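Spelled out, the chains give:
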Amino acid sequence: MSAWPMERGAAATVWRLRATGGHRDRDRRRSPPREDGGRDMAGKKRGGPRRLALAEARGASLVLLYLLGLRALVHVSHRRLLCQPPAAGPRDFSAPRARGYLDNITAIGPRTVGSPENEVLAVNYLLEQIRAIERESTDAHKISVDIQRPTGSFSIDFLGGFTSYYANITNVVVKLEPRNGAEHAVLSNCHFDSVPNTPGASDDAVSCAVMLEILNILSKSSEPLQHAVIFLFNGAEENILQASHGFITQHEWAKSIRAFINLEAAGVGGRELVFQTGPENPWLVQAYVVAAKHPFASVVAQEVFQSGIIPADTDFRIYRDFGNIPGIDLAFIENGYIYHTEYDTSDRILADSIQRAGDNILAVLKYLATSDKLAKSFEYRHGNVVFFDVLGLFVLAYPARVGTIMNYITAVIAFFYLSKKVIQPKTRAIHTLKKFFTAFGLTLISWICTLVTVLIVAVFVSVIGRSLSWYTHFYVSVFLYGTAAAANLILVHTLAKKFFYKNMNEQYLGDLFFDTSLMIWSIALAVITQMGLCSAFVCTLWVAFPLLAKLMIHKEFSQKGATMKFVTMYMLGMFVPYVYMMYLSWTVFEMFTPIMGRSGSEILPDVVLAGFIVVMTMILSSYFINFIYLVKSTKTTLITLTAVFVVTLILVCSGIFFPYSSDAANPRPKRVFLQHTSRRFHDLDGNVVKSDSGIWINGFDYNGISHITPHVPEINDTIRTPCEEQAPFCGLPWILPVHFMFRKNWYLPAPEIILRSPVHFKVLSRELMPQNSVRLSFEVSGPSHMSLYVRPHEGSTLSTWSLGDGVPVASIGGDYFVFYSHGLQATPWHFWVELMAPEKHSDGIVSLAIAAHYFFGEDQKSPQLHALLERFPNWTFSSGWSCTYDLFVF
């Protein structure tokens with residue numbers, strides 16, 4: 001076993017990719033090499049091993065084959081579920097039975113809150129199936145069913161902050177418990193409502209089908225459960241989590257719940273990802289680790305989701321914030337391109353996906369329902385947990401405090417190793433530090449140059465109107481931005497090697513840049529751990545395994561013919577961090593790429609994706625940069641990468657890669673919302689001072705309507721929507737406060753709509769309150785979905801109201817937004833607002849607007865809107881409805 005070469009008591013590692021040559025090696029052993037690879041203080045070579053182009057070419061080829069092999073392994077791991085599931089036994093989850101439930105639920109059609117489909121047909125179907133299951137249940141269990149129709153209000157900081165009010169919405173609640181009853185319960189939650197104009201198979205009918213089958217299996221078991229299982233089929237999740245709030249804050253069974261599992265979707269089928277747990281309660285993660293048959297979980301996904309980067313939320317938030325209950329959040333994430341579109345049909349969800357989800361959820365629910373920890377869950381509420389699956393084979397989980405200790409120990413070992421390079425006599429220490437920090441600065445420069453260059457390309461592509469060219473053809477993003485990033489990194493270091501390190505020993509440079517990457521990862525590990533992020537475990541992989549690999553293969557340097565063996569063992573040492581990062585990055589790509597098609601008109605999706613690709617390129621190349629200094633030439637690699645980039649850029653600029661697709665098997669639709677709107681603006685005396693009517697159009701991505709104009713010429717940039725500055729939310733009927741995401745929209749003049757059930761808005765009273773306050777009381781009746789907008793005038797302040805907890809929550813921009821919905825047979829909506837007003841207010845103290853949205857029924861689509869929708873190309877998902885906007889001043 002060879003030790004580190006020593007000189008003057010200092011330890012250092014010398015990297016060698018060399019040819020066989022026993023005599024030269026023996027000569028070097030007689031005189032141990034200097035740590036700088038045999039150069040003088042100026043850094044110039046004083047001799048050294050000759051370069052071997054053949055060995056270096058083999059090394060480069062091996063690196064390429066290595067990366068391709070890792071990519072293939074990751075792809076296989078992501079497709080493991082495609083094997084046929086075994087036939088289900090009497091106590092096993094049956095995907096065919098669950099498929100039957102799913103087909104029947106989606107056959108009802110779109111299930112918008114307030115519609116007969118959601119409030120009557122879907123509810124009746126669920127009750128029929130539950131009663132049938134109850135009839136076949138064993139005597140070991142008791143099944144109770146309750147139909148809840150809650151009314152309530154709450155505020156939430158989602159989408160910049162707004163307040164929600166609901167009336168008479170529907171929950172179907174089922175409790176399965178031992179015959180003698182149970183004091184504690186675990187909750188399983190799904191929702192059967194869908195967004196307007198979509199069948200909602202994955203979001204979230206499939207989860208309700210899975211829950212029906214789990215109820216069926218558990219009820220037929222002869223072994224009683226220790227705790228109750230409550231199945232909540234909630235009927236108003238798409239209305240921003242209203243039904244779950246109504247249940248957890250008002251239902252009598254909610255008090256017995258000690259933990260929950262929430263079943264959701266951000267895609268159509270595939271694997272269900274555990275992307276949120278807790279808060280705290282590491283025993284819940286342990287339950288999933290022990291029980292789940294096909295684990296897929298990531299604390300990285302949890303921290304990304306909870307950061308707010310993804311514009312979505314789930315019932316998990318409601319149970320956590322309003323019920324103070326810990327839980328597990330799962331969601332299907334594959335094929336998010338058709339999430340919330342008309343293509344979200346039951347036939348697109350593979351039986352294997354249903355089987356996998358059913359196996360996992362059934363096993364975890366049974367584990368929790370028989371766990372002693374469930375009854376004492378509050379006693380186990382201590383600390384967070386680090387968790388991640390390994391290629392879908394198993395899950396590693398450990399307390400965050402243990403992870404913190406491991407992270408710091410790993411960082412300290414790395415810093416100790418690096419410090420041994422510096423602990424030398426003063427002159428050499430200063431020289432070594434200069435070389436070290438020069439390499440560090442050069443690495444940062446290469447990253448900055450790469451990021452800037454690739455982002456410039458992304459901005460250029462966006463400006464010329466070719467954004468999202470990779471949306472249907474994902475490989476385009478890799479060929480365009482991936483090759484540009486790799487070429488830039490290689491070019492910067494090649495130039496540095498040729499001009500700055502002109503006469504430096506290659507092996508020394510390879511060693512130097514390995515240590516630089518190690519230092520960067522060690523710093524990142526310490527910083528991220530200090531921030532309290534559980535995702536720091538990723539940095540631990542990138543510090544521990546490379547360092548271990550380097551220490552283990554050091555003995556190969558002095559052996560005859562060690563070149564290929566060294567490269568092979570080096571890459572084997574890097575196997576774990578590289579394969580996990582590729583696995584993780586593929587999961588992130590799978591989630592984020594479809595989101596770019598619904599991220600609004602203000603975000604440049606090419607810039608976001610290009611930035612992500614650059615970051616991944618930096619990470620994956622961090623421990624291969626040193627090979628640039630070890631190989632003879634990078635000319636062929638640079639020419640190849642540049643050629644691929646240039647050809648791809650030319651093809652993208654030519655428009656050959658159309659962003660969207662109507663392919664029946666794999667659609668990639670463009671999302672467009674059209675609202676036939678009638679607006680009326682009233683003055684302080686109640687007179688209509690302005691009114692108009694038109695079809696208001698919002699494209700859900702950065703491309704706007706540029707691709708639609710050739711098909712519908714009247715929709716063009718000459719009809720961009722002007723902002724009514726004096727009205728809240730620009731005088732536009734937003735269904736949710738997403739105005740900051742869609743600043744580019746269009747308003748096509750159209751005849752006024754004639755509604756059979758118009759909205760009725762009435763002022764009930766005006767009261768003077770103490771401290772110079774004014775209370776205004778109102779009554780509103782209208783369709784199932786309405787939006788209330790409030791803007792206090794200058795000098796006035798909205799101090800309190802009858803909504804939420806009484807504290808008004810302002811949205812982005814300063815206006816106040818209230819989302820309202822109701823089920824069937826709801827009474828008129830009564831509310832009041834209280835304002836602190838100045839003594840003189842000739843122009844009023846507040847502007848208040850009400851928008852009514854007709855998502856179903858005879859008022860949903862006017863003839864003009866229907867005719868326009870028919871003209872849209874088949875690669876769009878165009879969702880349309882009628883609405884009104886009425887502004888009043890008080």
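Preceding this paragraph is the structure being described.
Residues numbered from 1 in each chain as written. Predicted model: local features only at pLDDT ≥ 70, side-chain atom pairs only at ≥ 80, totals over all residues. Heavy atoms only, no water.

What follows concerns the overall build of the protein chain. Each helix and strand counted, the protein chain has 22 helices and 24 strands in total. When contacts within the protein chain are restricted to residue pairs at least 6 apart in sequence, long-range pairs at least 24 apart make up 83% of them. (Helix = DSSP H or I, 4+ residues; strand = E, 2+ residues; numbered from the N terminus. Contact = heavy atoms within 4.5 Å.)

Neighbouring strands of a sheet are bound in pairs by backbone hydrogen bonds; such pairs are parallel or else antiparallel. Read across the open sheet, the 4 strands follow the order β17-β18-β22-β20; overall the sheet is antiparallel. At either end of the open sheet lies a strand with only one pairing partner, and these are β17 (760-769) and β20 (797-801). Neighbour to neighbour, the strand axes of the sheet diverge by 25° on average, direction disregarded. As judged from the 9 bridges shared by β17 and strand β18 (residues 773-781), these two strands associate in the antiparallel manner. For Ser765, the partnering residue across the bridge sits in β18 and is Ser777. (Pairing = 2+ DSSP bridges. Axes fitted to C-alpha atoms, helices over the stretch in contact; angles between N-to-C directions.)

Here the focus is helix α18 (residues 575-595). Counted at 1.5 Å a residue, the expected span for α18 with its 21 residues is 30 Å, and the 30 Å between its end C-alpha atoms agrees. Extensive coverage of α18 is indicated by the burial of 16 of its 21 residues. (Expected span 1.5 Å × (residues − 1). Buried < 20%, exposed > 50% of the residue type's maximum accessible area, 1.4 Å probe, protein only.)

Here we take up the sheet that holds strand β9 (residues 257-265). One open sheet accounts for 7 strands, arranged β3-β6-β8-β7-β9-β11-β10; its pairing is mixed. Each edge of the open sheet is held by one strand with a lone partner, namely β3 (141-148) and β10 (272-278). The sheet shows a mean angle of 15° between the axes of neighbouring strands, direction not considered. With 6 bridges joining them, β9 and strand β11 (residues 327-332) adopt parallel strand pairing. Directly across from Glu264, in β11, lies its bridge partner Ala331.

By the criterion of burial, helix α7 (residues 282-291) is predominantly enclosed, with 7 of the 10 residues buried. Of the positions making up α7, those classed as buried are Pro282, Trp283, Leu284, Val285, Ala287, Tyr288 and Ala291.

For the pair helix α14 (residues 475-500) and helix α19 (residues 605-621), the least separation of the axes is 9 Å and the interaxial angle reads 45°. If you check the angle between α14 and α19, you find them oblique. The element α14 and its partner α19 pack so that their crossing is right-handed. Residues Ser477, Val478, Tyr481, Gly482, Ala485, Ala486 and Leu489 of α14 pack against Asp606, Leu609, Ala610, Ile613, Val614, Thr617, Met618 and Ser621 of α19. (Parallel < 35°, antiparallel > 145°, perpendicular 65-115°, else oblique. Left-handed = near helix turned anticlockwise from the far one by under 90°.)

On to a nonpolar patch on the surface. A contiguous nonpolar surface patch, about 420 Å² in accessible area, is contributed by Phe415, Ile523, Val527, Met531 and Leu533. In this fold, Phe415 is placed in helix α12 (residues 400-419). (Patch = residues over 30% accessible without salt bridge, like charges linked within 9 Å, V, L, I, M, F, W, Y side chains within 5 Å. Areas by Shrake-Rupley, 256 points an atom, 1.4 Å probe, with all protein chains shown as cover. Salt bridge = Lys/Arg side-chain N within 4 Å of Asp/Glu carboxyl O.)

One finds Phe231, Phe233, Tyr481, Tyr501 and Phe537 to be the most contacted residues of the largest nonpolar core, which totals 184 residues. Apart from the residues within four sequence positions on either side, Tyr501 is in contact with Thr438, Ala439, Leu442, Ala496, Leu509, Leu512, Phe513 and Tyr629. Of all hydrophobic cores here, the second largest spans 51 residues; its members include Leu159, Ala236, Phe729 and Cys883. (Core = buried A, V, L, I, M, F, W, Y, C linked by side-chain atoms within 4.5 Å.)

The subject of this paragraph is the packing of aromatic side chains. Tallied over the entire structure, the rule returns 56 aromatic pairs. Both rings, one in Phe474 and one in Phe589, keep their centres 5.1 Å apart while their planes meet at 75°; by these two values the pair is edge-to-face. Separated by 115 residues along the polypeptide, Phe474 in the loop between α13 (426-463) and α14 and Phe589 in helix α18 bring together distant segments of the chain. Among the aromatic residues, ring-to-ring pairing joins Tyr165, Phe761, Phe778, Tyr820, Trp829, Phe831, Phe888 and Phe890 into one connected group. (Phe/Tyr/Trp six-rings, centres within 6.5 Å; stacked < 30°, edge-to-face > 60°.)

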